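# Topology and contacts: notes
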Amino acid sequence: MEASENELFTPVDYVPGARGHGVLAVGPDSDGDDALAVWRLSPTGRAGGAWVVHFDDVERDPEQLRRIMSMLQDRCLVDWNREAPTAALARVAEVLPAELLTALQGNIVTIPELLTEISEHRSTYAAAVERYKADTKSKIAPLVWPTELPDQQDLAGWAARAHSTAASPVAATALALTAAVASTAQLWQDTEQARYRRVCLRSLGDPQPLPPRWLARLRQAVPSDSLVSA
């Protein structure tokens with residue numbers, strides 16, 4: 001790759017072969033009615049569409065929700081756990097095309113598993129630096145990360161506080177999830193930035209936009225015959 005160091009560390013949003021994520025949240029709208037929030041995210045967590053639909057409206061006009069949910073085609077749903085998006089899908093299962101419902105049910109990633117993957121890579125990189133130190137007479141500083149990995153509770157608390165003034169509780173939930181995904185993607189890009197600055201770790205490859213398992217899940221959600229820009 002021919003690029004300056006600064007160019008290599010520019011935040012990446014377009015990821016070949018991956019469409020991105022979808023967020024589903026259930027809760028009260030601004031008027032207190034039960035509603036479904038649907039957010040469409042890029043691979044690195046940037047929002048590219050947001051809708052809030054009352055469940056009463058779904059009963060009267062299911063086609064509206066079908067159109068909105070179709071925009072999550074070929075994406076992975078993301079949440080703190082698998083139960084929340086599964087439960088949200090169950091609320092609207094009867095109005096969704098069977099193929100879309102099955103695809104969304106089978107493509108769910110959780111923020112804790114994404115954080116775990118980043119942690120695993122940080123440990124691998126730090127261990128590689130220590131091995132390199134043992135084999136050289138040069139003085140090598142330990143690998144230091146620009147941002148420490150938060151635990152799930154801290155990340156969730158920060159994301160919730162950041163959107164506590166949202167227009168409605170259900171929108172606040174969706175916005176908090178969006179912020180957590182974007183923050184997690186940024187933690188990975190911070191990791192790759194620190195890794196690539198160490199010459200001894202450059203043999204591991206150019207900086208990648210997302211961790212391998214995370215990226216693989218996003219790409220698996222996209223059928224091979226429909227690979228287009230997200």
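Definitions and limits used
Residues numbered from 1 in each chain as written. Predicted model: local features only at pLDDT ≥ 70, side-chain atom pairs only at ≥ 80, totals over all residues. Heavy atoms only, no water. Helix = DSSP H or I, 4+ residues; strand = E, 2+ residues; numbered from the N terminus. Buried < 20%, exposed > 50% of the residue type's maximum accessible area, 1.4 Å probe, protein only. Contact = heavy atoms within 4.5 Å. Pairing = 2+ DSSP bridges. Axes fitted to C-alpha atoms, helices over the stretch in contact; angles between N-to-C directions. Salt bridge = Lys/Arg side-chain N within 4 Å of Asp/Glu carboxyl O.

Here the focus is the environment of Leu24. Its location among the elements puts Leu24 in strand β1 (residues 21-28). Classification of Leu24 by relative accessible area gives buried; the value is 4%. Between the C-alpha atom of Leu24 and that of Leu101, which follows or precedes it by 77 residues, the distance is 13 Å. Each residue touching Leu24, except ones within four places of it in the same chain, is listed here: Leu36, Ala37, Val38, Met69, Leu72, Leu77, Asp79, Pro85, Ala88, Leu89 and Leu177.

Taken together, five strands build an open sheet; the order of strands is β3-β2-β1-β4-β5 and the sheet is mixed. With one partner strand each, in any of the chains shown, β3 (47-54) and β5 (108-110) form the two edges of the open sheet. Here the average twist between neighbouring strands, direction ignored, is 25°. Pairing analysis gives two bridges linking β1 to strand β4 (residues 76-79), with the strands arranged parallel. Bridge pairing links Gly22 to Leu77 in β4. Strands in contact with helix α6 (residues 111-134) are β4 and β5; relative to β5, the strand with the most contacts, it is inclined by about 60°.

With that settled, consider the pattern of salt bridges. Between side chains of opposite charge, a pair can form when the charged atoms approach closely. If you walk through the whole model with that rule in mind, you get eight salt bridges. One salt bridge in this structure joins Asp34 and Arg91, with 2.7 Å as the shortest N-O distance. Of this pair, Asp34 sits in strand β2 (residues 34-41) while Arg91 sits in helix α4 (residues 83-92), and the two are 57 residues apart along the sequence. Under the relative-accessibility criterion, Arg91 is labelled partly exposed at 44%. The closest approach of N and O atoms between Arg66 and Glu63, which form a salt bridge, is 3.0 Å. Of this pair, Arg66 and Glu63 both sit in helix α3 (residues 62-69), three residues apart, roughly one helical turn.

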